[in-house]
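Residue strings, one per chain:
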Amino acid sequence: MGMGIYPGSFDPITSGHLDIIRRVQPILGEVTLLISQNPKKTYLFTEQERKLLAEEALKGIPGVTVAVHEGLTVDYAKKQNARVIVRGLRAVSDYEYELVMANMNKKLAPMVETMIVFASPEFYYVSSNTVKEVAQNGGSVQGLVPVGVEKALQAKYADRVKDLRARQAKA
Ligand code: ADP
């Protein structure tokens, strides 16, 4: 068994991410959910918030840890002696990006394999971006994200949704 790394933005963690990690943990034994911190990207949640939300959601799943990393995932993998990078695949649109990443990572770290896991059908349409889009317009994301994330999204967008509702009432 080789330790696995599941890297991503996790801004925020969704039920789709949770599904992947629950499914791969029994195969890999130990999995680190690695929150990438890219200074060029803008996130809704801070690094610390994304970490806390992931930790809360993953509490109780044995063999799973959460870490934050800035830089190449393969550098983290090498440092931790991890041999597997896990990525989830939803639609065909994910494919090209994942193919390029997997091959580049293979070039950089030949010992590390990328393991692609297909999203479960019920989470095919779930992404951090769509969930944020729905929440910021006051829609329900119940079941699409862990309960803690649902609350955090409501808190982040509370003022925005209040203003939106006021404008809708006037129109
Ligand atoms: P990134 O910014 O690296 O794409 P994400 O947090 O969006 O990070 O996603 C991390 C990984 O999880 C990616 O491999 C992505 O394809 C996968 N993923 C995202 N949403 C789902 C889902 N609903 N089901 C399965 N895999 C998913």
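You'll find the structure just up there.
Residues numbered from 1 in each chain as written. Predicted model: local features only at pLDDT ≥ 70, side-chain atom pairs only at ≥ 80, totals over all residues. Heavy atoms only, no water.

Draft legend 1. Region of interest: the packing of aromatic side chains. As enumerated under the stated definition, the model contains 1 aromatic pair in all. Between Tyr6 and Phe10 the ring centres are 5.2 Å apart and the planes differ by 75°, which places this aromatic pair in the edge-to-face class. Residue classification places Phe10 among the buried residues on the basis of a relative accessible area of 2%. (Phe/Tyr/Trp six-rings, centres within 6.5 Å; stacked < 30°, edge-to-face > 60°. Buried < 20%, exposed > 50% of the residue type's maximum accessible area, 1.4 Å probe, protein only.)

Draft legend 2. Representation of the side chain of Asp94 within the structure. When you line up the elements, Asp94 lands in helix H4 (residues 92-108). Asp94 has contacts with Gly88 and Leu89, leaving out every residue within four places of it along the chain. (Helix = DSSP H or I, 4+ residues; strand = E, 2+ residues; numbered from the N terminus. Contact = heavy atoms within 4.5 Å.)

Draft legend 3. Expanded view of H4. The terminal C-alpha atoms of H4, which comprises 17 residues, lie 25 Å apart, in line with the 24 Å expected from a rise of 1.5 Å per residue. Buried within H4 we find Asp94, Glu98 and Asn105. (Expected span 1.5 Å × (residues − 1).)

Draft legend 4. Geometry of the pairing of strand S3 (residues 64-69). Judged from the 6 bridges that link them, strand S2 (residues 31-36) and S3 form a sheet pairing that is parallel. Directly across from Val31, in S3, lies its bridge partner Val64. Remark: the S2/helix H2 (residues 47-58)/S3 crossover connection has right-handed handedness. (Pairing = 2+ DSSP bridges. Right-handed = clockwise from strand over helix to strand, strands pointing away.)

Draft legend 5. Expanded view of a nonpolar patch on the surface. A contiguous nonpolar surface patch, about 270 Å² in accessible area, is contributed by Leu72, Met104 and Leu108. Note on placement: Met104 falls in helix H4. (Patch = residues over 30% accessible without salt bridge, like charges linked within 9 Å, V, L, I, M, F, W, Y side chains within 5 Å. Areas by Shrake-Rupley, 256 points an atom, 1.4 Å probe, with all protein chains shown as cover. Salt bridge = Lys/Arg side-chain N within 4 Å of Asp/Glu carboxyl O.)

Draft legend 6. Representation of the sheet that holds S3 within the structure. With respect to topology, 5 strands assemble into an open sheet ordered S3-S2-S1-S4-S5, the strand pairing being parallel. The sheet terminates laterally at S3 and strand S5 (113-118), the two strands that pair on one side only. The sheet shows a mean angle of 30° between the axes of neighbouring strands, taken without regard to direction. On top of the sheet, H4 reaches strand S4 (84-89) and S5; it is set at about 170° to S4, its chief contact. (Axes fitted to C-alpha atoms, helices over the stretch in contact; angles between N-to-C directions.)

Draft legend 7. Geometry of the pairing of S4. Most of S4 sits inside the fold, with 5 of its 6 residues counted as buried. For strand S1 (residues 4-8) and S4, the ladder comprises 2 bridges, and the chain directions are parallel. Residue Gly4 lies in a different strand from S4, and its bridge partner there is Val84. In this sheet, S5 lies alongside S4 in parallel orientation, the contact comprising 6 bridges. When the sheet's bridge partners are listed, Gly88 is paired in S5 with Val117. Running through H4, the crossover from S4 to the neighbouring parallel element S5 is right-handed.

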